[in-house]
Amino acid sequence: MLKTENISFAYKTRKGKFPVFRDLSIEFAPGFNVILGPNGAGKSTLLKSIFGLLKYKGTIRYGKENITAMNNDERTKFMSYLPQMDISSSMLTVLEMVLLGRLPELGRKVKDIDLEEAMGTLEMLNIEDLAPRHFAELSGGQKKTVFIAQTLVRNPKVILLDEPVNSLDLQKQLELCHLLRNLSKDTIIIVVLHDINLASRFAKHIGVLDDNGNLYGSGSPKEVVTEKMLNKVYGVIASVNYDEDDRPVVSAIKSNRQ
Amino acid sequence: MNDRLRMSKGNHDFYNQLIRKRILLLILLLTIVLVLFVLNISIGSSPLSLKEIFRVIFTGQGEGHNVMIVRDIRLPMSLMALTVGACLGIGGCEIQTILRNPIASPYTLGITSAATFGAALGLILNTNVLRVSESIMITANAFTFALLASICVYAFSSRTGAGKNSIVLFGIALNFLFSALTMVLQYISDDEDLKSLVFWNMGSMLKSNWTKFFIVCGALFLCFIILYKNAWSLTAMTLDDTKAQSLGVDTQKVRRMVIILTSMLTAFAVSFVGAIGFVGIISPHIARQLVGEDQRFFLPLSALIGAIVVSLSFVISKLIIPGVILPIGLVTAIVGIPVFLTIIFRRTGVM
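The sections below set out a description of the structure shown in this document. (Residues numbered from 1 in each chain as written. Chains lettered and ligands numbered in written order. Predicted model: local features only at pLDDT ≥ 70, side-chain atom pairs only at ≥ 80, totals over all residues.)

## Quick look at the sheet that holds strand β8 (residues 188-192) of chain A
Residues and elements named next belong to chain A.
- The six strands lie next to each other as β6-β7-β8-β3-β9-β10, forming an open sheet whose pairing is mixed. Whereas interior strands pair on both sides, the edge strands pair on one side only; in this sheet they are β6 (79-82) and β10 (215-219). Each strand axis lies, on average, 15 degrees off the axis of its neighbour in the sheet, ignoring direction.
- Strands β9 (205-209) and β10 of the sheet are contacted by helix α9 (residues 227-234), whose axis makes an angle of about 150 degrees with β10. (Pairing = 2+ DSSP bridges. Helix = DSSP H or I, 4+ residues; strand = E, 2+ residues; numbered from the N terminus. Axes fitted to C-alpha atoms, helices over the stretch in contact; angles between N-to-C directions. Contact = placed C-beta atoms within 7 Å.)

Take a look at the structure:
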């Protein structure tokens, strides 16, 4: 279980402080968790805070351990994080790029076990053919998949993914979500998504942040994804139906500002 | 997760082959460095045969003045060419890495213009900043100001929030500042002093001696070891900052470490042999094309190519006009410019 206990964060600029969220308490159980919310709700900020890239007030715990008090090395040992924006490009082969995901293990010589884990992760994502290619030559979606491999290669206990399906084609989106859902039972996976239907289809648990960074609601997809929520949080008029697995399917109709 | 990963062992033979190729390349370049080194000892106003060189080096005996020529003049000069080249190669490699900019070099940070200003102070106003003996005054001045500039860049980069672009901007500002200050000195100087400053700027190996070599070599050795220990973190620095941080790299810390180490290397190199152009830009670029950006190879290869470029320039500088040694800075620039232009026009796909 990963818990944030009354965490607050504000961006400081010359014009003053801009709070992103205040006293946010939210729990994530092992399995596929999704964070939904409109632009600027603080979804990415929340992931960065959990990973320890931002200084926030409050405490985040993993089980009984206090993540907030940990240093960088201790945190990266069991957590991995995929940032949203990836403009990086470098003269490395895909295999080397994935190896970087195991940075603490790498020494003067790369061990076979690290190479095997890296190749295995590429296979798991069906891109083992790309291994010898130069990263800079890949397409946007391929690069994204390589970065996902880099995030998964360490077998982390907590996986934080910020919009991992962006720039992936439909098949890859479904495959990735399927893979994440079927990762080991005790791994906590927290994913920021914009596609509500994809989230409803695969997530075990959904948390919704509203415009002010407050937790509007959390629970199973059926509990959370409702016409009322879509109206209140996203400001859209939509109809919600249910598929054969009783998971919600959203058809958006129009913005309620129009 | 492990069970499914173990479906197959994953064929990574190509990676082992890649590593073998890179090691062979390192050995090849090391051989070229050694050949150029021996060539540099042999070429000069009185050419020496290979046999004679080895006799002097290994037995300490030789014909006429040969022992003196090899031991006191050619050996320190040729070694200096190697080490200074390696220093500039490493400096360029790491500055390009931390700034993620393939045309950055220690010059970008304003260190060289600061050194030039220091030298100008000594040559034109006779200012002896460190109160040292006349003979090393210019070097000491250049070094002091190069270090001053690096401390400025370091202090600036330590401020929270100073990203790679602001560091580049700060370096450019320092560059302009020190160039303007140098111009003020040039404006008030007489013809004789102006001439010596122009010559200092062209760079020269001629004032090399053993003491200078040991200082530069020590700095090179120390910096290389520290950087090599951080090879993987530096490799991760080729990614976006947030991305590198997500892999557990303290980007601010790595950036500060690189700035202080490379400034020191550049300060020593430039203050001893003058402003040598372009080596810092072209060496890492060639190295990157050859082995990519795995720093376990990128770093030593940049050093070797830097050593090759300066040694080769030194050989050429002695051959163009027989009996005359052209300023090495001119030769490196003339060799460097065509390569530099190729970099600009072939940059697509890199960073």
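There's plenty left to go through after this.
## Some details on unusual backbone geometry
Residues and elements named next belong to chain A.
- Phi angles above zero are rare outside glycine, and N126 is one such case at about 60 degrees.
- Tracing the backbone through its elements, the reader meets N126 in the loop between α4 (112-124) and α5 (140-152).
- At E163, a position not held by glycine, the phi torsion is positive, near 50 degrees.
- On the secondary structure map, E163 appears in the loop between β7 (158-162) and α6 (170-181).

## Details of the nonpolar core
- V98 and L160 of chain A together with V84, C87, A114, A146 and A269 of chain B are the most contacted members of the largest nonpolar core, which has 175 residues in total.
- Broken down by element, this core gets its largest block of residues, 16 residues, from helix α4 (residues 66-99) of chain B. (Core = buried A, V, L, I, M, F, W, Y, C linked by C-beta atoms within 7 Å. Buried ≥ 20, exposed ≤ 12 C-beta atoms within 10 Å, placed from the backbone.)

## Remarks on the sheet that holds strand β5 (residues 65-66) of chain A
All names here are of chain A.
- Across the sheet, which stays open at both edges, the four strands sit in the order β2-β1-β4-β5 with antiparallel pairing between neighbours. Each edge of the open sheet carries a strand with a single partner, namely β2 (16-28) and β5.
- The pairing of strand β4 (residues 57-62) with β5 spans two bridges and is classified as antiparallel. Paired with Y62 across the bridge in β5 is E65.
- Along the sheet, helix α1 (residues 43-51) contacts β1 (2-13), β2 and β4; its crossing angle with β1, the most-contacted strand, is approximately 110 degrees.

Keep in mind these numbers describe shape, not what the thing actually does.
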